[in-house]
Every structure is written in structure tokens, then in C-alpha cells.
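Chain residues, written in single-letter form:
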Amino acid sequence: MQREFILSPSLLSCDFGRMTEELNALEEAGLKWVHWDVMDGRFVPNITLGQPIIKALRKNSNLFFDVHLMIEEPERYLADFVDAGADLICVHAETTRHLERTVSEIRRLGAKCAVALNPATSLFDVEYLIPQLDMVLLMSVNPGFGGQKFIPFTMDKLSELSALRNDWNPEMLIQVDGGCTPENTPDLVAAGADVLVSGSAFFKHPPYKERHETFLKAAGAL
Ligand code: DX5
Ligand code: ZN
């Protein structure tokens, strides 16, 4: 099955004082997705932003809002994030006691639904849910900060997940987040990644149109 390669720039590395301009610049540069890193200072040792900011910026953007929740008990806030304009909500398997219930609730609320796994979390934790997911996110760094180094064993995990996906839900996307660069993009795509998140390797290299094209070429999509 031929899948489209998608780059989802992580706003964690953008200029937080100029977020409206940054979102507009992404759209003008031809990006389709944008990745929001929501952190609570409990599941991860950092705090970023929440649903009021997303809601305020939603009004001026047509990008696909890919919302990565790094928060404990995300089930408490799902309706708020959908109301704020999230197109996709991704919860960590490690943060919610009843993962199937949380996934079903995201679906019921009308958003696309994804589950993220930390580097050390086994694929077993998500295996039975594959038929009902739009996407699985494999963390390739320990979540909390941008600019970290890609953890190499992610590649094996990615190949294993790709095989499971082909058996159980070929439509499901696989996203990789953390330390993604144009250099490791060819290997990631070959191993089955469809959506790559990039913070520092994207925003630190303007202009955005050219940087996007560099990723697309590395993915064999241009
Ligand atoms: C890490 C976040 C990532 C991160 C990606 O907790 O989930 O989205 O910001 O940033 P880079 O591409 O710099 O590793
Ligand atoms: Zn993220």
C-alpha cells in the first residue's frame, strides 16, 4: 500500500512569542500538519501549553492539528482538546489506566485517535488496539524536551510495528517523534514510518519551504 509521507513540525522549537506568524509561515511553506507538544510537569519533567492556547490559535490556521498529550490521566481533558480544535489526539499508553476506554472516548468525540509509546514501552501494550487506531506514535527519545538524540533501537521497534500494522490495520499511520532529521529520514521511511515529527531539525533551519523539501526528498516523496 502506497502511503503519503507527512512531516509534522513540532512547535516546541518554534518562537513562542510569534506563534500566529509561525503557523502562517508553515501553511505558506506547504506544510499540512503541525505537532503540538502538551506537557504537564508530571508525566514529563517540563511544562508547555494547554488547550486555551490551541483554541486561540485554531481560529487563524487550517493546518491539521496533531496534538501529542504528555499528561497524566489525559481522559480528564479529551473533550477540552477536541473543543479547542485538535484534529488528532495522541495519548501515552503509560498515562491512562483504561487505555481502550480512552481511545474509544477520543473516537466518540469525533477526533482521530492515536496512542504513543515511550522508548522503553513494549509494542504489546498497544497491539490489541491497532484495529481501532488511526495512528501509533513511537517515541524515539524520552519525552520532555526537544533537541535530544535519536535512540537507535527505535528502528527495530518500528519494523516490528510496521509488520503488525500490515496484518491488522494497513490504513493505520505510524509516527516517529524525537531526534528525526533529514539524515535518518530514509531509514525511518524504509522501516515503515509515515509521519515524522521534527522540532529542532526543522525550525532551526529556515526557510521552512526549503527545509520541508529537504525532508520530502530524504523520504523519497519529491
Ligand atoms: C519530545 C516531543 C517532541 C520533540 C521533538 O517530548 O514530544 O515532539 O519536541 O523535537 P526534536 O525534533 O527536536 O527532537
Ligand atoms: Zn511530540
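Definitions and limits used
Residues numbered from 1 in each chain as written. Chains lettered and ligands numbered in written order. Predicted model: local features only at pLDDT ≥ 70, side-chain atom pairs only at ≥ 80, totals over all residues. Heavy atoms only, no water. Donors = N, O, S within 2.8 Å, 3.2 Å for Na, K, Ca; no water. Tetrahedral: all angles 85-135°; square planar, octahedral: opposite > 155°, others 65-115°. Helix = DSSP H or I, 4+ residues; strand = E, 2+ residues; numbered from the N terminus. Buried < 20%, exposed > 50% of the residue type's maximum accessible area, 1.4 Å probe, protein only. Lys, Arg positive; Asp, Glu negative; His and termini not counted. Salt bridge = Lys/Arg side-chain N within 4 Å of Asp/Glu carboxyl O. Polar contact = N/O pair within 3.5 Å; in protein donor to acceptor, adjacent residues only side chain to side chain. Contact = heavy atoms within 4.5 Å. Near = heavy atom within 4 Å. Areas by Shrake-Rupley, 256 points an atom, 1.4 Å probe, with all protein chains shown as cover. Nonpolar A, V, L, I, M, F, W, Y, C, P; charged D, E, K, R; others polar. Arc of directions from axis to C-beta.

**Q** Looking at this structure, I do not really get the coordination of the zinc ion (ligand 2). What am I missing?
**A** Each angle at a metal carrying four tetrahedral donors should ideally be 109.5 degrees, and each at a metal carrying six octahedral donors should ideally be 90 or 180 degrees. Taken together, His35 (NE2), Asp37 (OD), His68 (ND1) and Asp177 (OD) make up the protein donors of the zinc ion (ligand 2), found 2.1 to 2.3 Å from the metal. Geometry at the zinc ion (ligand 2) is octahedral, judged from its six donor atoms and the angles of 70 to 169 degrees they form at the metal. Written as a sequence motif, the donor residues of the zinc ion (ligand 2) are H-x1-D-x30-H-x108-D. Placement of the pair is Asp37 in strand E2 (residues 33-39) and His68 in strand E3 (residues 64-70), with a sequence separation of 31 residues. By relative accessible area, which is 0% here, His68 ends up buried.

**Q** Explain the side chain of Lys157 here, please?
**A** In this fold, Lys157 is placed in helix H6 (residues 154-168). One buried charge, Lys157, has no salt-bridge partner; the nearest side chain with opposite charge is Glu94, at 6.8 Å. Within the structure, Lys157 has its side chain in polar contact with the backbone oxygen of Pro119 (distance 3.0 Å). Leaving out residues up to four positions away in the same chain, Lys157 has contacts with Leu117, Asn118, Pro119, Thr121, Leu123 and Leu138.

**Q** Even after reading the chapter, I still don't get the pattern of salt bridges, so can you show me in this structure?
**A** Note on pairing: side chains with opposite charge can pair once their charged atoms come close. Inspection of the entire model under this criterion finds nine salt bridges. For Arg58, the salt bridge goes to Asp87, with nearest N and O atoms at 2.9 Å. On the criterion of sequence distance, the pair formed by Arg58 in helix H2 (residues 51-58) and Asp87 in the loop between helix H3 (78-84) and strand E4 (88-92) is long-range, its members being 29 residues apart. When its relative accessible area of 27% is taken as the criterion, Asp87 is described as partly exposed. Salt bridges sharing common partners tie together Arg3, Arg165 and Asp194.

**Q** What is the right way to look at the site of ligand 1 in this model?
**A** The environment of ligand 1 is made up of 20 residues, and the closest members are Asp37, Gly144, Gly147, Asp177 and Ser200. With respect to ligand 1, the side chain of Ser10 contributes an N or O atom lying 3.3 Å from an oxygen atom. Expressed as a share of its isolated accessible area of 380 Å², the protein-covered part of ligand 1 is 99%. Elements that contribute at least two residues to the shell around ligand 1 include exactly E2, E3 and strand E8 (195-198). Counting residues per element, the shell around ligand 1 draws most heavily on E2, which supplies three residues. Split into classes, the residues belonging to the shell around ligand 1 amount to seven nonpolar, eleven polar and two charged.

**Q** Is there a simple way to think about helix H4 (residues 99-109) in this case?
**A** Residue pairs spaced three or four apart in an α-helix point in one direction, given the helix's 3.6 residues per turn. Listing the buried residues of H4 in full gives Leu99, Thr102, Val103 and Ile106. In an axial view of H4, the angular spread of the buried residues amounts to 100 degrees, which keeps them on one side of the axis. Of the residues in H4, the exposed ones pointing more than 90 degrees away from the buried face are Arg101 and Arg108. Those residues of H4 that are buried are in contact with H3, E4, strand E5 (112-117) and helix H5 (124-127). Gly110 lies just past H4 and shows a positive phi near 95 degrees.

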